[in-house]
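# Report on the structure
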Amino acid sequence: MRTMLYRKNTWVVAALSAGALFSMCMRNDAGIDFNTDIKPLLNKKCITCHGGVKRQGGFSLLFRSDALAVNKSGKPAIVPGDPSHSEMIRRLRLDDAEDRMPYHSEPLSAKEIDLLSKWIKQGAKWGDHWAYVPVAPTALPETDHWFFGIKGGKKWIKNDIDAFTYAKMKEQGLSPSAEAGKPALLRRISLDITGLPPSAELARQFLNDTREDAYEKLVDTLLASRHYGEKWAAMWMDLARYADTKGYERDDWRSIWRYRDWLIRAFNTNKPYDRFLTEQLAGDLLPDATDEDFIATAFNRNTMTNDEGGTDNEEFRTAAVMDRVNTTWEAMMGTTFACVQCHSHPYDPFRHEEYYKFMAFFNNTRDEDTYNDYPLLREYHHADSAKYNVLRSWLRTNAAEREKEITGFVKTQEPAINSLVADQLTNSAIADTKWLVLRNNGIARIADVTLTNRSQIMYRYVSGKPGGKWTIRLDAPDGPLLQTVSVQPSKNGWAIASMPVPATQGKHHLYFSYHNPNLKTAEETGIQFDWFFLTNPFPGKGKPGYDSAYKYFYDLLYAKDVTITPVMMENPDDMIRETHVFERGNWLVKGAGVSADVPRSLGALPAKAPRNRLGLAMWITDRKNPLTARTIVNRIWEQFFGQGIAETLEDLGTQGMQPTHRELLDHLSWQLMRDYQWDLKKLIRQIVLSATYRQDSKLNSESLAKDPFNKLYARGARVRLSAEQLRDQSLVVSGLFNEKMFGPGVFPYQPDGIWLSPWNGATWKQSANGDQYRRALYTYWKRTAPYPSMITFDGTAREVCSARRIRTNTPLQSLTTLNDSAYTEAAQHFAYRMQQSGGKDVRSQIKNGYRQALYQSISDEKLAVFERLYTNAFRRYAASPKDMKLMAGTDPAKQTPQTAALVVVAGAMMNMDEFITKN
């Protein structure tokens, strides 16, 4: 028996030795990998002088074609296959500090130079960064393999995710933690999926359910909750830079809450992620686009608008377009693209001109930094909604060829020419950089207006004086007369009127002049314009119902009871903008013209894709796109574990953090696209059903030493709740929570003086009737003065896209949760709940409150601490009735020392680590 065992062991040792020797030989003969071995070295030592920004000596290492080119020295720095004739290797080996590279820096080691020489000898092959290679199927790692010593995985693994995490744990000598207890899992999964603590009924059902699939049923219940959409919309609002104001100095109101509601509904209906992105990028370009499709495009109308007088509207229109480019890359493709605005990317394969080719997709939209945020979708209500339906039906029957044009104009008042584009101004002006105004004998030009097949001009204007005459001439102030109009004074502000124009072909400059003898001074305004719409008269004259339809058309244009939302719309063919490269990123210095396209390093547009935002959406959601699926998988993973598989959610490129589990990221990305058909709920369900997610978060000495930041997932995540979750949890636990969904932003408690709005005098008017207790994502968000308590807990101002929140730990946070009016009131009502459901004994009240907050029994040690706190507080408030009333709340029936002391306990309980973190 011993002989047989000896022979077996000898065979194993021999096999292992042969395998090791074979592996070493293979390694020595293997080709050097550019991404693993070479690119990190180039980025660290060379790229700052020889990349996209600097090209010292004409040499760049950003692209292979650049690196192999002849440089200013007349020699190629790299000769593939021949390191001895490669100038780069020669310069690395010199002793003279003036000629040796890196210039005036520490020289490369002999080992590093040898590595570069071998790479050049093997052909100086370039390689694609892992994130820029299309997602491919990934084999599951072996988790029960006696030969390599990996054992026990099958007993722990619940799905594919666990195979990847288990293999990594074992590589580092770690083992997974036990599954968390039911109370911890209950709270964790509820906060992660819905952003709220579980209801008392749901908690009771799960904690009392002894079936094996109890947890799985809990997950399915939470995924079906209407609060699921609210939680995930809150995540997306940072990416969409959602705010209820326009930003910049004036930071005035903006009606865009319908987009936030669209997000909630999109998540709740489980809209496939590819469709979710397509509608936000190009909903207006979809066939038979609905109001909801248009509202989705408000994603890109969350850009800021500068209403300050004296600003250049084209400058800020351009800034908004660039913001859309940068946001699209950061939010949807996890890539920093903004630096390519000024120069080719220093580290990633994106050329300077490719930024502007990509920008061309967004440069042809109708918005122009207008005060009214045009274009606006107008949603009609009540009687106006009925009028719209009648008008649409009448047009379909009597003028079908113009139904789309007219109903589109009624809905959006587009495509109109905004008066602020006027130039060549004489005794006229763009008032406050918002509207064209003409004074007595004033002249202004609107350039390049197409008149072919247009016989009517509609216009929106204000005029206060009778006797004015407005004249339009072609191509010069004294050119051919197009039309003269006697301007009627407008009543009650803006008016909409129309004038016929004679048949005219082609594009012309329109010169406006105005004369009114009733104006008293040269500075007095005679007429102010908002927009002009070149069209034809309302159709169907003489047909039954014409008069009513025509009246409804104008009624709807004047309608006041409308919900407006800024949306994206393309310019028509006769208003298309040209796009040029900006030299060094300066929008005033136009270079070569470019057309819409995507970076060639990431593949071409799909076949037959139009070169507009819809074609762009097709490219972004194409399964060949290497970034889209990886980005959303990484982002969702971060929501559950506190960090992404690749920590830098905003940058999966070469300067981002390497993924801890690259194969897992690719596996989930492949599943999302291919198996789940972009179904995010299926992805989320897989993550939360994994054994990896269900682990206890307790920390042991071995795990702390080997993996202090839990990047290997050998324990459950322990992460402080988000700003929104902290507020919402306090409302739920206190019993104040208002579950009302949707609608305009609300105004919970906020101290006076936070808002300083000198332009419009806007003030924070606290909501009433329970609206002040609604979920945090409904809070009115002013960019220049965001809600203070949420900013304290790492919320963002949302002036630009925020791909992730960096968690901080500051004294202000504890001061907020202990003293902020909203949290103080929550503590008061939590104490009332303790008294109501915990009986008359304080000890029982505290026990019951702890169970209500954390769904488990309190330990004797913690109970003793809270009892001492209660006793000390009771003594203080019994001796100070004034302080007692302040702490106990405004209800006289509650103003007792006992209640005030319990409020202190409630506040302390709501500030425990286990309450403000997800364990």
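Right above here is the structure, for reference.
To start, this report covers the structure provided alongside it.

Quick notes on the rules
- Residues numbered from 1 in each chain as written.
- Predicted model: local features only at pLDDT ≥ 70, side-chain atom pairs only at ≥ 80, totals over all residues.
- Heavy atoms only, no water.
- Core = buried A, V, L, I, M, F, W, Y, C linked by side-chain atoms within 4.5 Å.
- Buried < 20%, exposed > 50% of the residue type's maximum accessible area, 1.4 Å probe, protein only.
- Helix = DSSP H or I, 4+ residues; strand = E, 2+ residues; numbered from the N terminus.
- Contact = heavy atoms within 4.5 Å.
- Polar contact = N/O pair within 3.5 Å; in protein donor to acceptor, adjacent residues only side chain to side chain.
- 1 Å grid on protein atoms, 1.4 Å probe; cavity = no way out; pocket = protein on both sides within 12 Å on 5 of 7 lines; lining within 4 Å.
- Points joined across faces, edges and corners; volume = space filled by probe spheres on them.
- Nonpolar A, V, L, I, M, F, W, Y, C, P; charged D, E, K, R; others polar.
- Axes fitted to C-alpha atoms, helices over the stretch in contact; angles between N-to-C directions.
- Parallel < 35°, antiparallel > 145°, perpendicular 65-115°, else oblique.
- Disulfide = S-S within 2.5 Å.

Most often, soluble globular proteins keep nonpolar side chains buried together rather than apart. Among the nonpolar cores identified, the biggest contains 119 residues, and Y215, W236, Y259, W329, F358 and W619 are the most heavily contacted of them. Ranked by residues supplied to this core, first place goes to helix 11 (residues 227-239) with eight residues. Setting aside residues up to four positions removed in sequence, F358 forms contacts with V325, T328, W329, M333, F337, D597, V598, P599, L616 and W619. Counting 46 residues, the second-largest nonpolar core is a separate cluster that includes A243, A723, Y877 and M910.

Within the secondary structure, R460 sits in strand 5 (residues 456-462). A distance of 2.7 Å separates the side chain of R460 from the side chain of D530, its partner in a polar contact. Apart from the residues lying within four places of it in its own chain, the contact partners of R460 are N372, Y374, W494, A495, I496, Q528, F529, D530 and W531.

Turning our eyes to something else, we now look at the layout of surface pockets. Empty space within the second largest pocket amounts to approximately 1,300 Å³. A717, R718, V719, R720 and T917 are the residues nearest the centre of the second largest pocket, which is lined by 50 residues in total. Counted by class, the lining of the second largest pocket contains 17 nonpolar, 17 polar and 16 charged residues.

With an omega dihedral of -5°, the bond running from M101 to P102 counts as a cis peptide bond. Relative to the helices and strands, P102 is located in the loop between helix 4 (87-93) and helix 5 (110-121). Look at the link from Y374 to P375: it is a cis peptide, with omega at -5°. Note on placement: P375 falls in the loop between helix 16 (352-359) and strand 1 (376-380). In this structure, N441 is a non-glycine residue whose phi angle is positive, near 65°. Among the structural elements, N441 can be located in strand 4 (residues 435-450).

Here we come to the packing of helix 7 (residues 160-171) against helix 22 (residues 662-675). Two elements in contact, helix 7 and helix 22, have axes whose closest approach is 10 Å; the angle formed by their N-to-C orientations is 170°. Classified by the angle between their axes, helix 7 and helix 22 sit roughly antiparallel to one another. Of the residues in helix 22, those in contact with D160, I161, F164 and T165 of helix 7 are E663, L664, H667, L668 and Q671.

With that settled, consider the state of the cysteines. Per the counting criterion, the structure on display carries zero disulfides. Lacking any disulfide linkage, C49 is separated from the closest cysteine sulfur, that of C46, by 8.9 Å. With no disulfide of its own, C339 has C342 as its nearest cysteine by sulfur position, at a separation of 8.4 Å.

As a further point, take empty space enclosed by the protein. Summed over the entire model, instances satisfying the criterion amount to eight cavities of 30 Å³ or more. In this structure, the largest cavity spans a volume of roughly 560 Å³. Considering the residues around the largest cavity, the lining is formed by 31 residues, among which E638, Q639, S722, Q725 and R805 are closest to the centre. Secondary-structure elements contributing two or more residues to the lining of the largest cavity are helix 11, helix 21 (628-641), strand 14 (719-720) and helix 26 (723-734). The greatest single-element share of the lining of the largest cavity, amounting to six residues, is contributed by helix 11. Tallied by class, the residues present in the lining of the largest cavity amount to 10 nonpolar, six polar and 15 charged. Volume-wise, the second largest cavity comes out at about 70 Å³. Lining the second largest cavity are 14 residues, and of these M304, T305, R324, D367 and D369 lie nearest its centre. Looking at the lining of the second largest cavity residue by residue, the class counts come to four nonpolar, three polar and seven charged.

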